[in-house]
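Chains, contacts and geometry: an overview
For reference, the chains in residue letters:
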Amino acid sequence: MRNLLSIADLTNDEIDEIFDLADGADKLRTDKSAADQIMATLFYEPSTRTRLSFESSMHRLGGAVISCSDMKASSAVKGESLADTARVVSSYADVMVVRHYWDGAVQAMAEHANVPVVNAGDGSREHPTQTLCDLYTLKKEKGELRGLTVVVCGDLKNGRTVHSLVFALARFGAHVVTLAANGMELPHYVLERLEREYGYSLAPVASDDLSGVVTETDALYLTPKQPHQLALFTQVDAAMQSRLNTMVSGLRYDAFYMTRKQKERMKEGTTGGTYPTIGPSFLKEHRFKDTVVMHPLPRVDELSPEVDKDRRGIYFKQAANGVPVRMALLKFLLNRRETKRIAGKRTASFYESPERLGPKCTNPNCVTVTEPASTRRRFELLSGGPGGALLLGCIYCNHRFKVQFVGHVKSKRYCAYDIALADTIRGWLKKDELAIFDSIKEAEELGYEPYKSGPQRTVMDEQEIQAAVREMSRQILRECQDPDRLLILGIRTKGSYLAQRIAGELAAQRRQKPEAGEIELYGAGDEMRRIFPDDEDAPALNLKDREIILVDDVIYTGRTVKSALSILFRSGRPQSVRLAVLIDRGHREVPVKPDYVGKHIPSSEKERVRVKLREAEHDEKDKVVIYSMISPAETQAETIA
Ligand code: NCD
């Protein structure tokens, strides 16, 4: 069965094939290409364009349409599962078009349907058919997609149309500049995928360059060419700044893709703040004379009606193209009903827990959380996360999070995941003997026992740690230009504890507590937040022109820091970022250098260093220990012998 759940389900050639079919939409109409076919539309969320253009397309192809006028009037309100609805509707229709407010809900339905399923928007995840309309319109306007520079603006966090669009633009070799409203930046999992699968890198762009149209937002430039490794520098100095300015002043902006604030997907009270808008001043700027303005619609007030009359406003064309493009897509899918989903060049390994308990997606709006009964929890297993972390990517919503504990199914042993185990784990996965747990409790509930590590040796005791924190704080204060601009940001979790201690030291030294916060690399909620929220309604942390001290317990490969920097740079432009770590192991894969170090402990193959802080260890004293890893494979041999 061919479904369209993500834009990744179509190859570039297939997208071109659909565009060719769309060009010949008149012929599809006269041929009655879908005579005798029935399309069902199930919209659990409001829609005007997507639904009506799909229905119009099916009628134009000579087919018929069945629908629920309002899903609140369907059996869903009686508690029917997505799985059951999908099975039932499959026997009434030849193709199903579904929109739902949960991330991954359409994928869950597709798994239970017997007919092709099209995603017409799922939660804040993807909206692939809108992207087809966007690309088709843009291509008609500009001739080709390769080499274009597209600025995506507004709510990039919750706007699903933007997620599908940036993946597609990356695949067709376009450049993307992101211009997010504060706190609504592209989610980390989207950027990670752009980096991992398409080799894109990102760099901040001076917002002054776009100041004609936007205020109070910093732009990010995503490019396939990787000329700027900015996210790897710990200092945004003046020289770099001017390099960036020249870089962007040479940019030609081909399109602005504006989006509306997705209020319905936000927590109450988080919808404030400035929002970029496009209006008359944009139209007057000479360098935007050939820049087209796009919008998936509906618009609210981010796009002024003055643009409607201008030749550059092409959003009504986008909406009109919904019919030929969706006619083409329906024809394409109905032709291929019997073909399998494309294999693509996916090389990832997949993981499904062999045990009753196993990892759960951390995204609260994921269908595996909201309706587990209609899903089978499966994940992509991705190595090479920050600090060598092993990551799980949810198949339904694509959110990514870290593997905490791993177990061996046969010997019933578990331990915390460590990069030294990478090869062993791969072996277990191949033999279906890998268990992954979110917590020790889960492992123990299934009767797993811990692997033992080798003997421990203390390399830093409580006093030494205390002295190191004090000394680092002194240096920080000495070297900062304006202590009032200091922002101490810890990398969760141990970096946050250290950040709190440094903030405490600084408070003692100058009788005023600096602002402190934490960064969460793989969480579901906000990536950045305050550690001491004196005021619950305090606005999001403002990074602009701040002197940031990024804090972590150990630096080894540098990848964790790199990820944290990329979050920082896309959330605002600080004046400088310095790095403070308790332990430097000096084995760098990326060129980041800590500015403040508690102690250097050169890395060695077998020895691991662990920072134990009393906040994390409950009651224990602070210490840094070094221990050697006994490979679980060795212990296993022992157990068998
Ligand atoms: C979009 C959607 O529903 O995601 N609309 C559309 O399909 N054209 C965008 C939006 O609602 O803002």
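Below is a summary of the structure that appears in this document. Computed from a prediction, not measured in an experiment: that's the story for all the values here. (Residues numbered from 1 in each chain as written. Predicted model: local features only at pLDDT ≥ 70, side-chain atom pairs only at ≥ 80, totals over all residues. Heavy atoms only, no water.)

**Here we look at the overall build of the chain**
The secondary structure content of the chain amounts to 20 helices and 27 strands. For the chain, the proportion of its 641 residues judged to be buried stands at 57%. Summing over all exposed atoms, the chain offers an accessible surface of approximately 27,400 Å²; the carbon and sulfur share of this is 48%. (Helix = DSSP H or I, 4+ residues; strand = E, 2+ residues; numbered from the N terminus. Buried < 20%, exposed > 50% of the residue type's maximum accessible area, 1.4 Å probe, protein only. Areas by Shrake-Rupley, 256 points an atom, 1.4 Å probe, with all protein chains shown as cover.)

**Looking at the sheet that holds strand 3 (residues 95–100)**
Reading across the sheet, the 4 strands line up as 2-1-3-4 and stay open at both edges, with parallel pairing between neighbours. Every other strand in the sheet has two partners, leaving strand 2 (64–67) and strand 4 (117–122) as the edge strands with one partner each. The mean inter-strand angle of the sheet, taken between neighbouring strand axes irrespective of direction, is 15 degrees. Sheet topology places strand 1 (residues 38–43) next to strand 3; 5 bridges connect them, and they run parallel. Bridge pairing in strand 3 places Phe 43 opposite Arg 99. Against the sheet, helix 3 (residues 49–60) makes contact with strand 1, strand 2, strand 3 and strand 4, and its axis sits at roughly 175 degrees relative to strand 1, the strand it touches most. (Pairing = 2+ DSSP bridges. Axes fitted to C-alpha atoms, helices over the stretch in contact; angles between N-to-C directions. Contact = heavy atoms within 4.5 Å.)

**A short note on the side chain of Gln 262**
Its location among the elements puts Gln 262 in the loop between strand 9 (255–258) and helix 10 (280–284). Setting aside residues no more than four positions away along its own chain, Gln 262 makes contact with Asp 155, Asn 158 and Gly 159.

**Quick word on the packing of helix 6 (residues 128–142) against helix 12 (residues 322–335)**
At their nearest, the axes of helix 6 and helix 12 sit 9 Å apart, and the two run at 120 degrees to each other. When the interaxial angle is binned, helix 6 and helix 12 end up oblique. Note on packing geometry: the crossing formed by helix 6 with helix 12 is right-handed. On helix 12, the residues that touch Thr 129, Gln 130, Leu 132, Cys 133 and Tyr 136 of helix 6 are Gly 322, Val 325, Arg 326 and Leu 329. Grouping the amino acids of the contact of helix 6 with helix 12 by side-chain chemistry returns 5 nonpolar, 3 polar and 1 charged. (Parallel < 35°, antiparallel > 145°, perpendicular 65-115°, else oblique. Left-handed = near helix turned anticlockwise from the far one by under 90°. Nonpolar A, V, L, I, M, F, W, Y, C, P; charged D, E, K, R; others polar.)

**Things to note about the site of the ligand**
Around the ligand sit Arg 49, Thr 50, Arg 99, His 127, Gln 130, Arg 160, Thr 161, Arg 260, Gln 262, Pro 296, Leu 297 and Pro 298, and those are all the residues in its vicinity. Measuring from a nitrogen atom of the ligand, one finds a backbone N or O atom of Leu 297 at 3.0 Å. Protein chains shield 93% of the accessible area of the ligand, which is 320 Å² for the free molecule. Contributions of two or more residues to the shell around the ligand are made by helix 3 and helix 7 (160–171). Of the residues that constitute the shell around the ligand, the class distribution is 3 nonpolar, 5 polar and 4 charged. (Near = heavy atom within 4 Å. Polar contact = N/O pair within 3.5 Å; in protein donor to acceptor, adjacent residues only side chain to side chain.)

**Side note on the side chain of Asp 622**
Structurally, Asp 622 can be placed in the loop between helix 19 (614–617) and strand 27 (623–628). Side chain to side chain, Asp 622 and Arg 501 meet in a polar contact 2.5 Å long. Here Arg 614 takes part through its backbone nitrogen, which lies 2.9 Å from a polar atom of the side chain of Asp 622. Residues contacting Asp 622, with those up to four places away along its chain left out, are Asp 461, Glu 462, Ile 465, Arg 501, Lys 612, Leu 613 and Arg 614.

**What about the sheet that holds strand 14 (residues 400–402)?**
Each strand in a sheet pairs with its neighbour through backbone hydrogen bonds, running either in the same direction (parallel) or in the opposite one (antiparallel). Ordered by their spatial adjacency, 4 strands build an open sheet running 11-12-13-14, and the pairing between neighbours is antiparallel. Every interior strand has two partners, whereas the edge strands, strand 11 (349–351) and strand 14, have only one. Between one strand axis and the next, the sheet turns through 35 degrees on average, direction left out of account. Across 4 bridges, strand 12 (residues 379–382) lies against strand 13 (residues 391–394) in antiparallel orientation. If you follow Phe 379 over to strand 13, its bridge partner there is Cys 394. Strands strand 12, strand 13 and strand 14 of the sheet are contacted by helix 8 (residues 188–198), whose axis makes an angle of about 90 degrees with strand 14.

**Topic: the nonpolar core**
Ranked by internal contacts, the top residues of the largest apolar core, which has 70 residues, are Met 96, Val 406, Leu 434, Leu 489, Ile 519, Leu 550 and Leu 568. Looking at this core element by element, the count peaks at 6 residues for helix 18 (residues 559–571). Contact partners of Ile 519, with chain neighbours within four places excluded, come to Leu 489, Gly 490, Ile 491, Arg 492, Glu 527, Met 528, Leu 550, Ala 564, Ile 567 and Leu 568. Ranked by size, the runner-up nonpolar core spans 60 residues in total, among them Ile 7, Leu 148, Val 323 and Leu 330. (Core = buried A, V, L, I, M, F, W, Y, C linked by side-chain atoms within 4.5 Å.)

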